[in-house]
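The primary structure of each chain is shown beneath.
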Amino acid sequence: RRNGLSNGKLQQIALFKNQPLDNVKEIINEFGEKIIRVDGEIPIDLPVKDKNRFLFISYDQSILTHGLHKYPAKFFPELPRWLIKRYSKEGDTILDPFSGSGSTNVEALLSGRHSIGIDVDPFSRYLAKVKTTPLNDEELQSAQKYLLRLVLNYKPSKVSQKDIPVFPYRDNWFNQEIILELAYLKKIIEALNTSEDIKDFFRICFSSIIRSVSNADDNCTRTVIRKKLNKKVYPADALKRFAEVILVNVPKMIEFSQKCPTDISVNFPHIMDARNINYKDYFDLAVTSPPYANAVDYPRTHQLESYWLGLVSGSLTPLKKKYVGTESVSSNEYKKLHKIGVKEADMTLSKIFKKDPRRSYIAFKYLDDMRLNLLEVHKALKTGGRYVVVVGNNKIRGELFENWKYIMELAKNIGFKVENYFASEIIKHFIKVPREERINTDWIIVLQK
């Protein structure tokens, strides 16, 4: 071993039958564990054994439409791309029952596979739809030039009261000058003489700057104002950021559109839920990363964007209650200990219950929702089809909550066969999570019907 590396690189490459694999090597981490490091594109036939640990280094997080908008805890593109190519063929149909920002659907489309993405959050569906809709480059560039010209001609007097949305604590979240600038940007996008698809693209570009020009912390999953950050937002910031964003994103959308096959469909149905999927024996493969138990409050993360886009109004609580992993529970639900029927999980739920009955119930409800999802995906898959679940562990009231183990046992009880399972180390946290709650490893479980 030299410089912390073992000679495992040679051993790994030998497994690949004369293929040059300079991007795959074995390293030893600070705890003396062997980890297979893969830089960039993951080889389709990468040897995988149960309990293998991988460190995937992504270079594609902002290519094409993947970087259109910030989204917490999303897939790095190389992972769904690899899983899709490894476990399906061109023309197959892929499901992501927790589609989030649509990374799986983007990669399925670019790989020549049809796909359906399901998500209860209207903002997520909207973003995913934009990321997977190719656009005409001439129309896109023409609209971009028109918008840039109007941005330069901004005057506050061009905004009237009816152009400004009303939502809770609006004037706390935004300075008055920024409210006028955002209202103007929204107004000129709505007035574009072009297709709704092109308007939607620019609406998402507009949405992508909202958090950065608000008074909220840019890097927190919850939308909060932190006085100690002393965040500065200046007049004209919204106008400048929007101009910069469309100058960066239009070329990426053009490149994406040129790479898209014309005969591949992508759909995001509004009426479905990960626990209620209206398909039977339909999908060749399902790939997903479900929410973590007790980790990210997605409606609250995107509340400012959703208000400005007109996707929600008033209280977010009804939407929060729909989420798997929701913390919106009532006190009569957690008066007694709930068990899921998996020995290890029930022991952990009992330990949490002694410290915090509410948290124990939230964790139970998460596992029960995941059980329903496993049942629905099992029904929706063709015989022999696979469900690949990428899930992390976290700590709840100091107790290690090993999601992947519990989900694997629930899947076996339903009738899935566990083909293999392996770990993906996380080295860069896109979002701020308290140290005690932080997730350092994702587990990838390959289930077969």
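Conventions we followed
- Residues numbered from 1 in each chain as written.
- Predicted model: local features only at pLDDT ≥ 70, side-chain atom pairs only at ≥ 80, totals over all residues.
- Heavy atoms only, no water.
- Axes fitted to C-alpha atoms, helices over the stretch in contact; angles between N-to-C directions.
- Helix = DSSP H or I, 4+ residues; strand = E, 2+ residues; numbered from the N terminus.
- Parallel < 35°, antiparallel > 145°, perpendicular 65-115°, else oblique.
- Left-handed = near helix turned anticlockwise from the far one by under 90°.
- Contact = heavy atoms within 4.5 Å.
- Nonpolar A, V, L, I, M, F, W, Y, C, P; charged D, E, K, R; others polar.
- Core = buried A, V, L, I, M, F, W, Y, C linked by side-chain atoms within 4.5 Å.
- Buried < 20%, exposed > 50% of the residue type's maximum accessible area, 1.4 Å probe, protein only.
- Pairing = 2+ DSSP bridges.
- Polar contact = N/O pair within 3.5 Å; in protein donor to acceptor, adjacent residues only side chain to side chain.
- pLDDT = per-residue confidence, 0-100.
- Right-handed = clockwise from strand over helix to strand, strands pointing away.
- Phe/Tyr/Trp six-rings, centres within 6.5 Å; stacked < 30°, edge-to-face > 60°.
- Salt bridge = Lys/Arg side-chain N within 4 Å of Asp/Glu carboxyl O.

Asker: What exactly am I supposed to notice about the packing of helix 2 (residues 78-87) against helix 3 (residues 103-110) here?
Answerer: A pair of packed helices is captured by two measures, namely the crossing angle of their axes and the spacing between those axes. Orientation of helix 2 relative to helix 3, taken along the N-to-C sense of each, is 50°, at an axis distance of 9 Å. Taken together, the axis directions place helix 2 and helix 3 in an arrangement best described as oblique. You can see that helix 2 and helix 3 cross each other, and the crossing is right-handed. Across the interface between the two elements, Pro80, Arg81 and Ile84 of helix 2 pack against Ser103, Thr104, Glu107 and Ala108 of helix 3. In the contact of helix 2 with helix 3, the residues fall into three nonpolar, two polar and two charged.

Asker: Could you clarify how one ought to interpret the nonpolar core in this entry?
Answerer: Nonpolar side chains in soluble globular proteins generally cluster together in the buried interior. One finds Phe174, Leu182, Phe201, Phe202 and Phe242 to be the most contacted residues of the largest nonpolar core, which totals 60 residues. Of all the elements in the fold, those that place two or more residues in this core are helix 3, helix 4 (122-131), helix 5 (137-152), helix 7 (176-190), helix 8 (196-213), helix 9 (237-259) and helix 11 (303-309). Setting aside its immediate chain neighbours within four residues, Phe201 contacts Leu68, Val130, Leu135, Leu140, Asn249, Val250 and Met253. Within the second largest apolar cluster, 45 residues are counted, among which are Leu95, Ile118, Ala286 and Tyr366.

Asker: Explain the sheet that holds strand 4 (residues 93-96) here, please?
Answerer: Picture the strands of a sheet paired through backbone hydrogen bonds; they go either parallel or antiparallel. Spatially, 10 strands are ordered 1-2-3-11-12-8-7-4-5-6 in an open sheet, and the strand pairing comes out mixed. The sheet terminates laterally at strand 1 (24-28) and strand 6 (266-267), the two strands that pair on one side only. One ladder, built from two bridges, connects strand 4 with strand 7 (residues 283-288); its direction is parallel. Looking across to strand 7, one finds that Ile94 is bridged to Leu285. Sitting on the sheet, helix 15 (residues 403-414) is in contact with strand 8 (381-392), strand 11 (417-425) and strand 12 (441-448), with an inclination near 10° to strand 12.

Asker: Would you mind showing me how to read helix 4 here?
Answerer: The α-helix winds at 3.6 residues per turn, so residues separated by three or four positions along the chain end up facing the same way. For helix 4, the buried fraction is high: nine of the 10 residues fall into the buried class. Buried within helix 4 we find Pro122, Phe123, Ser124, Arg125, Tyr126, Leu127, Ala128, Val130 and Lys131. Structurally, the start of helix 4 carries an N-cap: the backbone nitrogen of Phe123 is 2.8 Å from a side-chain oxygen of Asp121.

Asker: Teacher, can you tell me more about the confidence of the model for the protein chain here?
Answerer: The predicted coordinates ought not to be read in detail in places where the model reports low pLDDT. Scored by pLDDT, the protein chain has a mean of 87; 87% of the residues are at 70 or more. Confidence over residues 1-18 falls short of pLDDT 50; this stretch has 26 contacts with residues more than four positions distant or in other chains.

Asker: Got a minute to help me understand the pairing of strand 5 (residues 114-117) in this structure?
Answerer: Looking along a regular strand, one sees side chains alternate from face to face of the sheet. Bridge count between strand 4 and strand 5: four bridges; the pairing is parallel. Bridge pairing in strand 5 links Asp96 to Gly117. Following the backbone out of strand 4, through helix 3 and into the adjacent parallel strand 5, one traces a crossover that is right-handed.

Asker: How do you make sense of the environment of Pro97 when you look at a structure like this?
Answerer: For Pro97, the location among the structural elements is in the loop between strand 4 and helix 3. Residues Pro97 and Gly117, spaced 20 residues apart in sequence, show a C-alpha to C-alpha distance of 5.9 Å.

Asker: Explain the pairing of strand 2 (residues 34-39) here, please?
Answerer: Here five bridges tie strand 1 to strand 2, and the two strands are oriented antiparallel to one another. Residue pairing for strand 2: Ile28 is matched across the bridge by Lys34. As consecutive antiparallel partners, strand 1 and strand 2 are separated by five residues, and within that stretch Gly32 has a phi angle of approximately 80°, a positive value. Of the pairings in the sheet, the one linking strand 2 to strand 3 (residues 53-57) comprises four bridges and is parallel in character. Paired with Asp39 across the two strands is Ile57, which belongs to strand 3.

Asker: What am I meant to see in the packing of aromatic side chains here?
Answerer: Think of a pair of aromatic rings as described by two things: how far the centres are apart, and how the planes are tilted against each other in angle. Applying the stated criterion across every chain yields a total of 21 aromatic pairs. Seen from their ring centres, Tyr154 and Tyr184 are 5.0 Å apart, and the 65° between their planes marks the pair as edge-to-face. Taken as a pair, Tyr154 in the loop between helix 5 and helix 6 (170-173) and Tyr184 in helix 7 lie far apart in primary sequence, 30 residues in all. Here Tyr154 matches Tyr184 in class, with each residue buried. Each ring, one from Phe167 and one from Trp308, has its centre 6.1 Å from the other, and the planes form 70°; the classification is edge-to-face.

Asker: Just to check I follow, could you spell out the pattern of salt bridges for this structure?
Answerer: If charged atoms from side chains of opposite charge come close, those side chains can pair. Scanning the model with the defined rule gives 29 salt bridges in all. Between Lys449 and Asp281 there is a salt bridge whose closest N-O contact spans 3.1 Å. One end of the pair, Lys449, is in the segment after strand 12; the other, Asp281, is in the loop between strand 6 and strand 7, with 168 residues separating them in the sequence. For Asp281, a relative accessible area of 42% corresponds to the partly exposed category. The residue Arg397 makes a salt bridge to Asp356 at a minimum N-O spacing of 2.9 Å. Here Arg397, found in the loop between strand 9 (394-396) and strand 10 (399-401), pairs with Asp356, found in the loop between helix 13 (343-355) and helix 14 (357-380); they are 41 residues apart in sequence, far enough to count as distant. In this structure Arg397 comes out as partly exposed when scored by relative accessible area, which is 41%. Residues joined in a network through salt bridges with shared partners are Lys129, Lys186, Glu190, Glu196, Asp197, Lys199, Asp200 and Arg203.

Asker: Can you help me understand unusual backbone geometry in this one?
Answerer: Residues other than glycine predominantly adopt negative phi, and peptide bonds predominantly adopt the trans conformation. Phi at Tyr169 takes a positive value of approximately 60°, unusual for a residue other than glycine. The phi dihedral of Arg397 falls on the positive side, at around 50°, and the residue is not glycine.

Asker: What exactly am I supposed to notice about the side chain of Thr65 here?
Answerer: Take Thr65: it is sitting in the loop between strand 3 and helix 2. The exposure class of Thr65 is buried, given its relative accessible area of 1%. At 2.9 Å, the side chain of Thr65 and the backbone oxygen of Lys131 are in polar contact. Not counting the four nearest positions on each side in its chain, Thr65 is found in contact with Val106, Lys131, Met253 and Phe256.

Asker: Help me understand helix 2, please; the structure alone is not making it clear to me.
Answerer: Counting buried residues in helix 2 gives eight out of 10 residues, a clear majority hidden from the surface. Taken residue by residue, helix 2 has Glu78, Leu79, Pro80, Arg81, Trp82, Leu83, Ile84 and Tyr87 as its buried positions.

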